[in-house]
Amino acid sequence: MNKFIFLIIFTSLQVSAELQLLQPNDGAQKVIKSQLQNKTIDLDDPKTIFINVDKLAKSGDIRSQFSLGKIYEKGLGVLADQKLALYWYSQVAEKNYPSAQYKVATFYELGNGVKIDLDRAIEWYEKSAKNGYGKAQYKLGELFIFGPKKYLNTELGLTYLDKASKQNIPEAQISLAKIYLDGINVEANEDKAIFYLEQSAINHNDEAQFMLGDILLKKGSVSDGIKFLEKSSEQGNTSAQLLLMKVYSEGKAIPSSLDRSFEYAIKASENNHPEAQFLLGKIYQDPKSKFFDVEKSILSIHSSADQGYVPAQLEMARLLIKGQSVNQDIQKAMSWLDRAAKSGSSIAKYELANRYIYGQSLIRNVLLGLKLLKESSQGDYAPAQYLYSKLLDEGDIVVKDERESFFWLDKAAKQGHQEASYALANKYLGAKSDDQAVKKAIQILEKLADKNHALSNFRLYEIFSDDIQGAKDTVKSRVYLFRAAELGYLKARYELGKIYYEQKLFHDASYWLELASSEDYEPAKNLLKKISSEKLSNEFGQNIPTSETIQSTINQQNYIENLFEVPDAQVILESLKNNTNLNPGNEQR
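Note that this is a predicted model, so its numbers are computed, not measured.

Quick word on the nonpolar core
Residues L460 and L513 are the most contacted members of the largest nonpolar core, which totals 51 residues. No other element matches the 8 residues that helix 25 (residues 435-450) contributes to this core. Setting aside anything within four residues of it in sequence, one finds L513 in contact with Y494, G497, A524, L527, L528 and I531. Residues L212, L229, I254 and F262 belong to the second largest nonpolar core, which totals 44 residues.

Overview of the pattern of salt bridges
Evaluated as defined, the whole model comprises 29 salt bridges. Here D214 makes a salt bridge to K218, at a shortest N to O gap of 3.4 Å. Of this pair, D214 and K218 both sit in helix 12 (residues 206-219), 4 residues apart, which is roughly one turn of that helix. Between D259 and K290 there is a salt bridge, and its shortest N-O distance comes to 2.8 Å. Taken together, the positions of D259 in helix 15 (residues 258-270) and K290 in the loop between helix 16 (274-285) and helix 17 (294-306) put the pair 31 residues apart, joining distant regions of the chain. Using a relative accessible area of 60% as the deciding quantity, one classes K290 as exposed.

Considerations on unusual backbone geometry
Residues other than glycine seldom take positive phi values, yet N96 does so here, at roughly 75°. For N96, the location among the structural elements is in the loop between helix 5 (82-93) and helix 6 (98-110).

A look at the environment of A348
Residue placement: A348 occurs in helix 20 (residues 346-357). Since its relative accessible area comes to 0%, A348 is described here as buried. In this structure, the C-alpha to C-alpha distance between A348 and L372, residues 24 residues apart in sequence, is 9.1 Å. Here A348 is in contact with L314, L337, A340 and A341, once residues within four sequence places are set aside.

A word on helix 22 (residues 382-394)
Look at helix 22: 18 Å from first C-alpha to last across 13 residues, which is about the 18 Å you get at 1.5 Å a residue. Those residues of helix 22 that sit buried are A382, A384, Q385, Y386, L387, Y388, S389, L391 and L392. Those residues of helix 22 that are buried lie in contact with helix 20, helix 21 (366-378), helix 23 (402-414) and helix 24 (418-429).

The rules behind each value
Residues numbered from 1 in each chain as written. Predicted model: local features only at pLDDT ≥ 70, side-chain atom pairs only at ≥ 80, totals over all residues. Heavy atoms only, no water. Core = buried A, V, L, I, M, F, W, Y, C linked by side-chain atoms within 4.5 Å. Buried < 20%, exposed > 50% of the residue type's maximum accessible area, 1.4 Å probe, protein only. Helix = DSSP H or I, 4+ residues; strand = E, 2+ residues; numbered from the N terminus. Contact = heavy atoms within 4.5 Å. Salt bridge = Lys/Arg side-chain N within 4 Å of Asp/Glu carboxyl O. Expected span 1.5 Å × (residues − 1).

Written out as structure tokens, the structure is:
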């Protein structure tokens, strides 16, 4: 191995891109190959090589001095010594060699063998850049745009990056693309970003090809976007492979292809990309997929989790808790949740908190659970905020604090958490004397009702049935009652059946009461027994009416007048029309 390294250092000096720049700016050439050819050097003996290079360097040979700097920097055959490396690089840099000047600059920037000194670093970068060294131009551009505040100079930074870009320094081209894409200290300009990416992509830079492919896909240039992504993928760019996997899986930009999606998932996984391994595991996990394989699914997800990918760690915990595809093991599940929590996962903290607070782990630890729950809430995880609000409101395992409870409830509701929004609406309704609070409650409930939240529909029925701050509206109350009943809320079905019963529409009453009774709702069962015992007749014959029957019957004015105090057939019809195809799903009691 050492022989190979030193062969590169000595026999390839004339072709090394870095060492080719070891000529002064006046164009004079100094090559030591002839010196090496005239000496007997045993390339199998690092010590002999070092002695000879050291001797040549001390005699003033520029290339040997630079090589000696490299030897000390990398520890090739000797103990690494950054101070000596800097010394020898400096010897060459002082003679106006740009690659050595660049090296000295990096030592001052990073503090290798010397105290960090950005002023000295910039001084040396500027000397190297003036001599046309592209890497130095790139570094100056980055420092002037992204460096410490005292050095910020966007215009100068862009100038240096552009110079480096023209020398085909890929990092500079990509940096300029990102600057113009994100509008960093400049006006965003996608065309300029694409220009710089194209320059880098032409030179086969896989990151530029990936970025360009991604942009073109978003712009709708699907075929060109796919072409650049495939080129990037061929060079092993896992981000490109992962994006291609998702594109073929979703089937939005191009026709869906499970085979192609699987192909790119395999490629990215082989490069140990944790997200790809996780997604590949999910493909194997799907029993409907032709690639269904439980063992491979677990292996892929486990490998991803081991690399610290939080979604995979959460999935491993879920599988172990449920005993799905693996033996149930709560202790191992807690271990995965703990790893995810230590990575900052608010979801993991919430899951751990639940188990510690309610004793669903091997050991109950309320204090630790509350600590994790608060951290999860502070991480803006809405379920944690809602639970923390409930505990603060109840005051059983934590000191009751209504103000803080309202604070967390409001935060969870603003994130769209439906239970929190519903609870918040009820908080506002608690202040019945406050007209504005009631209006806020109605606004929240109406938004939830539009999202088919059964409880909110029923609560609006109650509000519009009662005269709360002048909100009484009989027609609206019946509309929301119908919606709640059709969404499967048992009490709403019972209430609707009860209304039909009171209006002596016994068969309609039986229809809704039977639905509620089938879910063991006792009040509905009792009212059905009463109807049966009274042996009341059915207006519609022996067949239970369907929604379509109810819709057609509801057009009859006498039916409307019997059922509602304020008839409005169109409102009710629209309500039924909007909910006809809804399945109740999980019944709520």
